[in-house]
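Below are the chains, spelled out letter by letter.
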Amino acid sequence: MTYQDGSYQAKAMGHSSDVVVSAKIQNNKIEKVKIDLGEESTPKTKEVIDKLAGQIISKQTSDLDVVTGATETSNATIRAMRKILKQAGNEVEEVRSVKDGVYKETVPSYGWRSMMSGEITFSNNKLTDINITEESDSKTSHWFSIAESKLIPQIIKHQSLDVDAVSGASVSSGAIKHLVEKAVVDAGGDSDDWHKPVEKSQKIIEKSGYDVLVVGLGGSGILSYCAAALSEAKVFGIEAGAEIGGNSVLTSGPMVVNSKIMSEKYNDGKDNIDVEDLYQTWLDYVGDTKKKDVIRVAIDQDGPALDYYIKNFGISFDGASFGAPAGFYPSFVRPDWTKEWTVYTPDDGKFYNAGEPVHLGQYKKALKKAVDMNEVNDFLLETKAEEFLLDDDKVVGVKAIASDGTTYKIYAKAVILASGGFVGNREMMNQVYGHTAQVFGTSLNNGTGIKMGQAIGGDTYALKTLPMIHISQVPNMIRDDSLTPDQKATLSALATTPDAKKLDISGNLLTSKDESGTQNSEITVGIAYAPGFKYYNAYTQKQLDEIKQTGLSEATSKSGVIILDQGGQPYKAGQPVQDLEKIIDEGIRTENIFAGMPKDLAKKLNMDEKALTAALGSNDEKYYLFEADGYAYATCGGLNVDKNMNVLRKDGSAIENVFAVGQDSEGVENVDNEAYTPWGGQAQAWTFVSGKIAGENATRLAKK
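This is a predicted model, so every value here is computed, not measured.

Caption draft 1: Up close: helix α20 (residues 682–702). Helix length check: α20 (21 residues) gives 30 Å between terminal C-alpha atoms against 30 Å at 1.5 Å per residue, within 8%. For α20, a buried count of 19 out of 21 residues is recorded, marking the element as mostly surrounded by other parts of the structure.

Caption draft 2: Fine view of the pairing of strand β5 (residues 116–123). Judged by how many residues are buried, β5 sits mostly within the fold: six of eight residues are covered. Bridge count between strand β4 (residues 101–107) and β5: seven bridges; the pairing is antiparallel. Following the sheet pairing, Val102 is matched in β5 by Thr121. Where β5 lies against strand β6 (residues 126–134), seven bridges are found, and the strand directions are antiparallel. Note on β6: the bridge partner recorded for Gly118 is Ile132.

Caption draft 3: Just the sheet that holds strand β2 (residues 18–26), in detail. Here we have three strands laid out as an open sheet, ordered β1-β2-β3, and antiparallel in their pairing. Edge strands, defined here as strands with exactly one partner in the open sheet, are β1 (6–13) and β3 (29–36). Averaged over neighbouring strand pairs, the angle between their axes works out to 20 degrees when direction is ignored. The pairing of β2 with β3 spans seven bridges and is classified as antiparallel. For Val20, the partnering residue across the bridge sits in β3 and is Asp36.

Caption draft 4: Structural context of the packing of helix α1 (residues 45–59) against helix α2 (residues 71–88). One way to put it is that α1 packs onto α2 with a least axis distance of 11 Å and a crossing angle of 35 degrees. Crossing angle aside, the handedness with which α1 passes α2 is right-handed. Residues Val48, Leu52 and Ile56 of α1 touch α2, and the partners they reach there are Thr73, Ser74, Thr77 and Met81. Of the residues in the contact of α1 with α2, the class split is four nonpolar, three polar and no charged.

Caption draft 5: Seen up close, the side chain of Asp642. Within the secondary structure layout, Asp642 lies in the loop between β20 (638–639) and β21 (646–648). One buried charged residue, Asp642, remains without a salt bridge, the closest side chain of opposite sign being Lys291 at 7.3 Å. Separated by 3.0 Å, the side chain of Asp642 and the backbone nitrogen of Asn646 make a polar contact. Ignoring sequence-local partners within four residues, the contact set of Asp642 consists of Val294, Leu648 and Ala654.

Caption draft 6: Quick look at the sheet that holds β5. Strand order in the open sheet formed by three strands is β4-β5-β6, with antiparallel pairing between adjacent strands. Only two strands of the sheet have a single partner each, and these edge strands are β4 and β6. Within this sheet the neighbouring strands show an average axis-to-axis angle of 25 degrees, counted without direction. Sitting on the sheet, helix α4 (residues 144–158) touches β5 and β6, and the angle it makes with β6 is about 165 degrees. Each of β4, β5 and β6 is contacted by helix α5 (residues 170–186), which is oriented at about 130 degrees to β4, the strand it contacts most.

Caption draft 7: Just unusual backbone geometry, in detail. Phi at Asn28 takes a positive value of approximately 60 degrees, unusual for a residue other than glycine. With respect to the secondary-structure elements, Asn28 resides in the loop between β2 and β3. Given the relative accessible area of 37%, Asn28 is considered partly exposed.

Conventions used here
Residues numbered from 1 in each chain as written. Predicted model: local features only at pLDDT ≥ 70, side-chain atom pairs only at ≥ 80, totals over all residues. Heavy atoms only, no water. Helix = DSSP H or I, 4+ residues; strand = E, 2+ residues; numbered from the N terminus. Expected span 1.5 Å × (residues − 1). Buried < 20%, exposed > 50% of the residue type's maximum accessible area, 1.4 Å probe, protein only. Pairing = 2+ DSSP bridges. Axes fitted to C-alpha atoms, helices over the stretch in contact; angles between N-to-C directions. Left-handed = near helix turned anticlockwise from the far one by under 90°. Contact = heavy atoms within 4.5 Å. Nonpolar A, V, L, I, M, F, W, Y, C, P; charged D, E, K, R; others polar. Lys, Arg positive; Asp, Glu negative; His and termini not counted. Salt bridge = Lys/Arg side-chain N within 4 Å of Asp/Glu carboxyl O. Polar contact = N/O pair within 3.5 Å; in protein donor to acceptor, adjacent residues only side chain to side chain.

Bear in mind that shape data such as this cannot, by itself, settle questions of function.
Structural data, given as structure tokens:
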């Protein structure tokens, strides 16, 4: 193919925005390439750009290798580069027909225990059906069914794969699109032809007359909405995701401080915990008394708040889990607190499975009951808050954008910020912590509420409280069938075992700092203290050869991963790991393992070569570094609030009609640079306490 000299540009839809590729062609050669990923930001954005641009220059083609952990971004870059080469080659854009038929395809998806399979039907050169026949996404994500019900009709309606992914289910959405792409190719078509722009709405809709507007309908937002509705407010809610519940539907349950209902059920009517002991322990942990009034409220209102939602909205905590019957569970920190937190009742009434959305139905019923309390009460899903609406300096509502492009201006007398913290905002994570973390659960919690509060003068409190990290796992879980579940578990065990030399991200030996006091090693928050929320387990070739011949150590064989396990078990101690080479090869391919001499590893991982060499012990030996990352399901630091949940300015004065709840304000009961108070259920308890207080106070203000 001969290409005309010139500068070219093309774009293609990626994971969440257009990827724009610019290229200069001279003397029939691609000389320069620039890739703009737009909003496709990841922890490895620069690495993705460098790899893809490097491949284009070296290969002189659009036939690129997908970068691990950036599949949709890579594919968008490939499509954009194909367009450029077609432009430069004066190729006529020709749409290739697809053959009628039903095509069975299988692709990796969000579910980490099995892949997604589907049957794709074409008739008369049209896509007529997408039938998902097998998936495990719904086991670990409460949004898959929404992706299935909303995305598939849109793809078929527009005959395009450039329809927006379902908010909160972007990985599942991408997998569904990938099924169609594979089917198009198998049907003789060109998958690029099925990526056609889909127009967005330009409408502006105003909604007014509300007492309370809730921004975010995760746990704390729903509970705020319910309390406001029960207080006879006219309430409206907006949620960025395609489903309600946020990360609260993945948590086990709240701390319980002398709930009358729970005590009657499970403690012979007696108090389950000494409030003064808890209060003093809490103050000792945060190290000062600046927020003692808020901490006092968090404790004193815990039991009443749980009883309030049990009685009025049917929330229940009769789950049996962790090998114990329903009732109270012991603290992770204080062995003498034997009855300190509890577990949600699963919707099916059976055994509770941690990390699975088994109590979403409770939240749905509670929200429906609250909506039905007033004929004007309502809410919108897939609608992202953008900014406050102001009258002079007073907040009078919120501007929001729906997934179809519609702009909403929603007016209310009081606003409750419940956007769920900032764990999904990589730029903000970097600003606050200097690093990002892997995310377990929704990444829609992107700091919207905190940033909106700051924009009107709100202050933050303990923003650097470490994120909630209880899970260590390899960074790129292998979601295809290149390894068996047991092989995947063995890879994870070698990456997370305590029985190996651990290195931090600089190449130094990792210290074991963990100030949380957590007793239970399975939920240790120690990795939250590691620089970058990750570490590397280092092995020599000799050590790996020994493992292959004589098996894993006892400690390694018992190194299980909670919640994010992939359905298998590590090989038993003393059992030869004859397929270790295959496990290592796949680990290297997926960038979970890095192999080389210290000099090469230091360059690859941006480590200090001298420190790394000293830590490993030799500069002329090959090493294998198995990466283990912390998976966070929330941040804790947020806006500064008082005991009424009003957002405070830097001078300590309250922004009278703006409130913050849940992860948007939880910093007030925590401390910078330490794990959130880790004794068990404290964060989920804050959703109940802050939600009830904010809902009632916002209504009280609106009705003045």
